[in-house]
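Residues per chain, in single letters:
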Amino acid sequence: MALFKRLLVCLLMLSMIQLPSLAFADTNVLQNQAVNGGTINQNIVFIDLKQDHWASEAIQDMARKGILSGYEDSSFQPDKSITREEFAKLIALTFSLSLQSPADPTYSDVDKSSWSYSYIESTKEFLTGYYPPRGRAFFSPETKATREDVAVALVKVMGLGSNDLVNPNILSYTFRDVSDISIGLRDYVAIATEKKLIDGYSDRTFRPNKEITRAEVATLLYKVIKSSAHDQMDGPALEVTVPDTTSDGTVYVSGKTSRDAKVTINGKPAALTDGSFKEGVLFEQEGEHTVTVAAKLPSGKTNSVEKKVTFKVGAPSLTINDVPATVSAAELKLSGSVKDASDSKPVVYLNDEVLYVSWDGTFSKTVTLEEGENTLTFKAKNDKNKESLVTKKVSFTANGPALVVNSIPESTQLNTVTVSGKVTDKNDPNPVVYINDQAVYMSYDNSFSKELTLDEGNNTITFKAQNKNGKITTVTKSITFNNNGPALVVNSVPESTQLNTVTVSGKVTDKNDPNPAVYINDQAVYLSYDKSFSKEITLTEGENTIIFKAQNKDGKITTVTRSITFTAGGPTLVINYVPESTQLNRVTVSGKVTDKNDPNPAVYINDQAVYAPYNSTFSKEITLTEGDNIITFRAENKNGKMTTVTRSIRYEVSAPVITLGYLPETTSLASITVTGTVTDKNDPNPFVYLNDRLLYANYGGTFSSSVSLQKGANPIKIVVTNKSGLTSTVTRTVYRND
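Computed from a prediction, not measured in an experiment: that's the story for all the values here.

1. Description of the overall build of the chain
Inference 1: Within the chain one finds 8 helices and 50 strands.
Inference 2: The C-alpha radius of gyration computed for the chain amounts to 67 Å, which surpasses the reference 27 Å derived for 738 residues by more than 25%, pointing to a less compact arrangement than a globule.
Inference 3: Seen through its principal axes, the chain has C-alpha atoms that stretch 190 × 105 × 50 Å.
Inference 4: Considering the chain as a whole, with its 738 residues, one finds that 42% of them fall into the buried category.
Inference 5: The long-range fraction of contacts in the chain, counting pairs at least 24 apart against all pairs at least 6 apart in sequence, stands at 65%.
Inference 6: Of the accessible surface of the chain, which amounts to about 40200 Å², a share of 47% is contributed by carbon and sulfur atoms.
Inference 7: Between the mean site of the 76 positive side-chain charges and the mean site of the 82 negative ones, the chain shows a separation of 3 Å.

2. Describing the sheet that holds strand E30 (residues 517-520)
Inference 1: Spatial strand order, E28-E34-E33-E30-E31: 5 strands in an open sheet with mixed pairing. Single-partner strands in this sheet number two, and they are strand E28 (496-497) and strand E31 (523-524).

3. A short note on the packing of aromatic side chains
Two numbers describe a pair of aromatic rings. These are the distance of the centres and the angle of the planes.
Inference 1: Taken as a whole and assessed by the stated rule, the structure comprises 8 aromatic pairs.
Inference 2: Pairing Tyr130 with Phe138 gives two aromatic rings, centres 5.3 Å apart and planes at 35 degrees, and the pair type is tilted.
Inference 3: A relative accessible area of 31% places Phe138 in the partly exposed class.
Inference 4: Between Phe618 and Phe633, the aromatic rings sit 6.4 Å apart at their centres with planes inclined by 40 degrees, giving tilted as the arrangement. Of this pair, Phe618 sits in strand E40 (residues 617-623) while Phe633 sits in strand E41 (residues 627-636), placing them 15 residues apart in sequence.
Inference 5: In this structure Phe618 comes out as buried when scored by relative accessible area, which is 3%.

4. Describing the sheet that holds strand E3 (residues 238-241)
Inference 1: Here we have 3 strands laid out as an open sheet, ordered E3-E5-E8, and antiparallel in their pairing. If you trace the sheet from one side to the other, it starts and ends with E3 and strand E8 (276-282), each paired once. Shown here is a sheet whose adjacent strand axes are inclined to one another by a mean of 20 degrees, direction ignored.
Inference 2: Where E3 and strand E5 (residues 250-257) come together, 4 bridges link them in antiparallel fashion. Looking across to E5, one finds that Glu239 is bridged to Lys256.

5. Re the environment of Gly569
Inference 1: Here Gly569 shows up in the loop between strand E34 (557-566) and strand E35 (572-575).
Inference 2: Looking at Gly569, the relative accessible area reads 27%, which means it is partly exposed.
Inference 3: When the C-alpha atoms of Gly569 and Leu709 are compared, they prove to be 77 Å apart, with 140 residues separating the residues in sequence.
Inference 4: What Gly569 contacts, discounting residues up to four positions off in sequence, is Asp595, Asn637 and Lys641.

6. So, the nonpolar core
Inference 1: With 54 residues, the main nonpolar core has Phe46, Ile59, Phe87, Ile91, Leu171, Phe206 and Ile212 as its most contacted residues.
Inference 2: Counting only elements with at least two residues in this core, the list comes to helix H2 (56-64), helix H3 (84-94), helix H4 (117-122), helix H5 (147-157), helix H6 (170-174), helix H7 (186-194) and helix H8 (214-226).
Inference 3: With 7 residues, H5 is the single largest residue contributor to this core.
Inference 4: One finds Leu318, Val323, Val327 and Ala380 within the second-largest nonpolar core, a separate group that totals 21 residues.

7. Side note on H2
Inference 1: Of all 9 residues that make up H2, 7 are buried, and the element is covered over most of its length.
Inference 2: Of all the positions in H2, only Ser56, Ala58, Ile59, Gln60, Asp61, Met62 and Ala63 are classed as buried.

8. Quick word on the environment of Ile605
Inference 1: Assignment of secondary structure puts Ile605 in strand E38 (residues 602-605).
Inference 2: Taking the C-alpha atoms as reference, Ile605 lies 9.3 Å from Ile622; in sequence the two are 17 residues apart.
Inference 3: Among residues more than four places away in sequence, those in contact with Ile605 are Val589, Val610, Phe618, Lys620, Ile622, Ile631, Thr632 and Phe633.

9. Brief notes about a negative patch on the surface
Inference 1: Residues Asp48, Glu72, Asp73 and Asp79 make up a contiguous surface patch of negative charge.
Inference 2: Locating Glu72 in the fold gives a position in the loop between H2 and H3.
Inference 3: For Glu72, a relative accessible area of 56% puts it in the exposed group.

10. Here we look at the pattern of salt bridges
Inference 1: Inspection of every chain in the model, using the stated rule, returns 13 salt bridges.
Inference 2: A salt bridge links Glu456 to Lys556; the nearest nitrogen and oxygen atoms lie 3.2 Å apart. Highlighted residues: Glu456 in the loop between strand E24 (447-453) and strand E25 (457-466) and Lys556 in the loop between strand E33 (542-551) and E34, separated in sequence by 100 residues.
Inference 3: The class of Lys556 is partly exposed, set by a relative accessible area of 26%.

11. Topic: the side chain of Ser140
Inference 1: Residue placement: Ser140 occurs in the loop between H4 and H5.
Inference 2: Taking the relative accessible area as the measure of exposure, Ser140 reaches 17% and is therefore buried.
Inference 3: In contact with Ser140, other than residues within four places in its own chain, are Arg84, Asp109 and Tyr130.

12. Some points on the confidence of the model for the chain
Inference 1: A residue-level look at the chain finds 91% of positions with pLDDT of 70 or above and a mean pLDDT of 85.
Inference 2: Ranking the helices and strands of the chain by mean pLDDT puts E30 first, with 95, and strand E1 (residues 34-35) last, with 32.
Inference 3: Under a pLDDT of 50 for its full length, residues 1-41 has, in the predicted model, 116 contacts with residues more than four places off or in other chains.
Inference 4: Segment residues 228-234: pLDDT under 50, and 16 contacts once partners within four positions in sequence are set aside and those in other chains are kept.

Thresholds, definitions, all that
Residues numbered from 1 in each chain as written. Predicted model: local features only at pLDDT ≥ 70, side-chain atom pairs only at ≥ 80, totals over all residues. Heavy atoms only, no water. Helix = DSSP H or I, 4+ residues; strand = E, 2+ residues; numbered from the N terminus. Rg over C-alpha atoms; globule rule 2.2 N^0.38 Å. Buried < 20%, exposed > 50% of the residue type's maximum accessible area, 1.4 Å probe, protein only. Contact = heavy atoms within 4.5 Å. Areas by Shrake-Rupley, 256 points an atom, 1.4 Å probe, with all protein chains shown as cover. Lys, Arg positive; Asp, Glu negative; His and termini not counted. Charge placed at Lys NZ, Arg CZ, Asp CG, Glu CD. Pairing = 2+ DSSP bridges. Phe/Tyr/Trp six-rings, centres within 6.5 Å; stacked < 30°, edge-to-face > 60°. Axes fitted to C-alpha atoms, helices over the stretch in contact; angles between N-to-C directions. Core = buried A, V, L, I, M, F, W, Y, C linked by side-chain atoms within 4.5 Å. Patch = residues over 30% accessible without salt bridge, like charges linked within 9 Å, V, L, I, M, F, W, Y side chains within 5 Å. Salt bridge = Lys/Arg side-chain N within 4 Å of Asp/Glu carboxyl O. pLDDT = per-residue confidence, 0-100.

Here it is in structure tokens:
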């Protein structure tokens, strides 16, 4: 890259000596004339350029080289800007570009008749136009060239690209107006900044859209020239790599040159990628050959390199793939490849045995080794009797079988364990496996599995595999058998109850005994098919201890203890409704008695036993005495626990009730019939008197009697007396008025 930059600088210096002016208007003329590539005036003075001007050194240097000139009035006008078309001409002349005038203009705003047409067309690779989404591209030739335009053009004309950018973040570190730089051009501006082709301003801005001045252009060109360590006038850099000899007649020529150069190898064009090339050259005759590589720049500068290559037919190229120094398998597969530039079918031998070689030159062979060191000699021979030898030594040491035993637990509560594994042997397809010196059946894939019965405590299991050569591999495993008792699960038992029986249940399992025995308080319990059990226990009042015991065939016992307190209560006595008072001398009382521990508790009413049928209900008629009557209900179970309920009922005796039928107050009749009804809650047959005459009362308490009437008022009196001596009286008066 450095050589390429120096080459461009040389072109820049040579071409700019012939540059007429930076401004291309008719009013601008050359101030110093170059003759035969040199300058005739070394003391150019511009009237408007002071010695302390920031660009003075660059302007004076470029002017002395004949690259830049001033105006007719001896001024330079350093702050005057230039247009894009003027800058295009400057690039074309600076780098000696071949001027192009295509029939069809690239840009819509640059006519073929324009003075700048050929310059713009020739520099479009470096100073690009504008490409809208639709329509033709345009160049804006009279628009002022900006700092961004110039920076991008210099980078492109130097043949630099994104791959040459070392620090992708240099713009954000250097300038604070990076967002103003066109996104697609930022890499070019970054390269220009990194190569110090262009600087920013003291306020850390780049100002990409600022018009560039004559002074700035002079400075930039000056920096491009100064960036080269020395002028190189001998054409493009050219690096060429070619092997000195070949045995197959083909060599590959590779190298690097300038990006914009064209390369030929022995006069034939070579393909380039970023200045790199690689092409094959074929020689038909043995002997020494010359390879000439030439590189040519667009400016016409060339550089060439000559390399000498000797073509000599040799022995076949014999490659043996990796062969181990030592093996443990008797059979070994060997492979390799053979190539020969002059013979498409060289013969390959292994220990004087001809090997089959496939169409692509590869071969393979499986050999059986002898125990100890084996010498393997490969030989390849072509049709010109040229031979290649390769010798390999392999030491075969027969080992025992590879025995893999699958994982075994360190301890178990089972009295059996299944062990398994797999055995392989490189030299024996059917090795034998022993477990504790007993041969084990092997499946088709040489895996094995066996169930072992364990003794209580530590058990050592020895696995041994033996091949046909008598080689033995041994693996030892250890497992401890902890013979615990059965697993006994007792379902929930209440801590206390008022019932004299409780049903307990649970389940027993044993890893080593399918039928363990279960005892409850030393009595054997029946186990169902799934080893669950259930038993009803009769409790005594107070605390009861229930001991569950499970025992397996090895005599191992598991015990679970539960405690339950039985508190016996009295019967539950429910008395149905009893009125607090009544006018009846008899009342029927009823209720129900239950007892958790006695299906037939006894019931007493006022100390008289009452019959309680199967559903424990009872009923009894009680004869009351006038006044308060106390009724005592008592229930007693078989455990002597009693429950007592007391009720009180007041009996209030009442007189009979008389209901008379119709009696007229006046009548002209000589007699009338008196009717009525008498009732009494406690006497079905009370005595009825009509005017002190006893009447007969029917079953329903009705009565009827004829009474003779006298003229005038006739008193009628009905008196009823019950057996309790209580009397009711009704009087009426009937007038006879005939």
